[in-house]
Amino acid sequence: MNTVCLVLKAPREGTVKTRLAREIGAQKATEIYRALVEHQARAIPADWEVAVHFAPEDAGPEMEAWLGPLLPKNRRFVPQGEGDLGSRLTSIVRTEFQRGTTALFLVGGDCPAVSGTYLEDAGRRLTASDIVLGPAVDGGYVLLGLKTPQVGLFEKISWSTPQVLAETLAAAKRLALTVDFLATLEDVDDEASLRRQFGEADLSAFPR
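Okay, so let's go over this structure. Only a predicted model underlies this, so the values are computations on that prediction, with no experimental measurement involved. (Residues numbered from 1 in each chain as written. Predicted model: local features only at pLDDT ≥ 70, side-chain atom pairs only at ≥ 80, totals over all residues. Heavy atoms only, no water.)

## What about the sheet that holds strand E2 (residues 49–55)?
Taken in spatial order, the 7 strands of this open sheet run E3-E2-E1-E4-E6-E5-E7, and their pairing is mixed. Whereas interior strands pair on both sides, the edge strands pair on one side only; in this sheet they are strand E3 (75–79) and strand E7 (179–181). Strand-to-strand twist in this sheet, taken as the mean axis angle between neighbours without regard to direction, amounts to 20°. Where strand E1 (residues 2–9) lies against E2, 7 bridges are found, and the strand directions are parallel. (Pairing = 2+ DSSP bridges. Helix = DSSP H or I, 4+ residues; strand = E, 2+ residues; numbered from the N terminus. Axes fitted to C-alpha atoms, helices over the stretch in contact; angles between N-to-C directions.)

Take a look at the structure:
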């Protein structure tokens, strides 16, 4: 069974899309965040399992009410836990593989081009490689596919910098992992990236 792990925050003003919020305001940025995540939820193949790992810890009912109707039937909602992003990803990956998953795909809700086709391509590529990466234009990644709990990929990473992908690849090399790549995509992190993908910051541009 392929498992998509959505690593998300609750859509609360002032806590999501903070770079975008500084440019267009917290309310508008939160609306865009909601639209992006909803688009991502609808793109997940119906026969895949979904694990929503959310923050903060008290957001469970809120996340289920929001995303439950949009996700495939085989879905779960799990708190992310504490620590920096590397620590939280380590915990997420261990949790999912302890449950018995054999193909885990970590994604966020920031990239509107992570489609069902993109996810299915990742699933095919993972059968022949240890990990699959979907590079991001900003030097990070929009997807990481694993078939074993390679938590070493999250150690000594300069999160939220343009070095994330390069450092992840260096970690994969140290771990002697084979890597396959998907198409490079762009996250929506600021007003410039929003305009590049959607023109004017108009929510009508987002599929709902």
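## Let's talk about unusual backbone geometry
The step from Ala55 to Pro56 runs through a cis peptide bond, and the omega angle for that step is 0°. In this fold, Pro56 is placed in the loop between E2 and helix H3 (60–67). Unusually for a residue other than glycine, Lys156 sits at a positive phi of about 60°. Mapped onto the secondary structure, Lys156 falls in the loop between strand E6 (141–146) and helix H6 (164–174). Residue Lys156 is classed as exposed on the basis of its relative accessible area of 81%. One non-glycine residue, Ala176, lies in the positive phi region at around 60°. Structurally, Ala176 can be placed in the loop between H6 and E7. (Buried < 20%, exposed > 50% of the residue type's maximum accessible area, 1.4 Å probe, protein only.)

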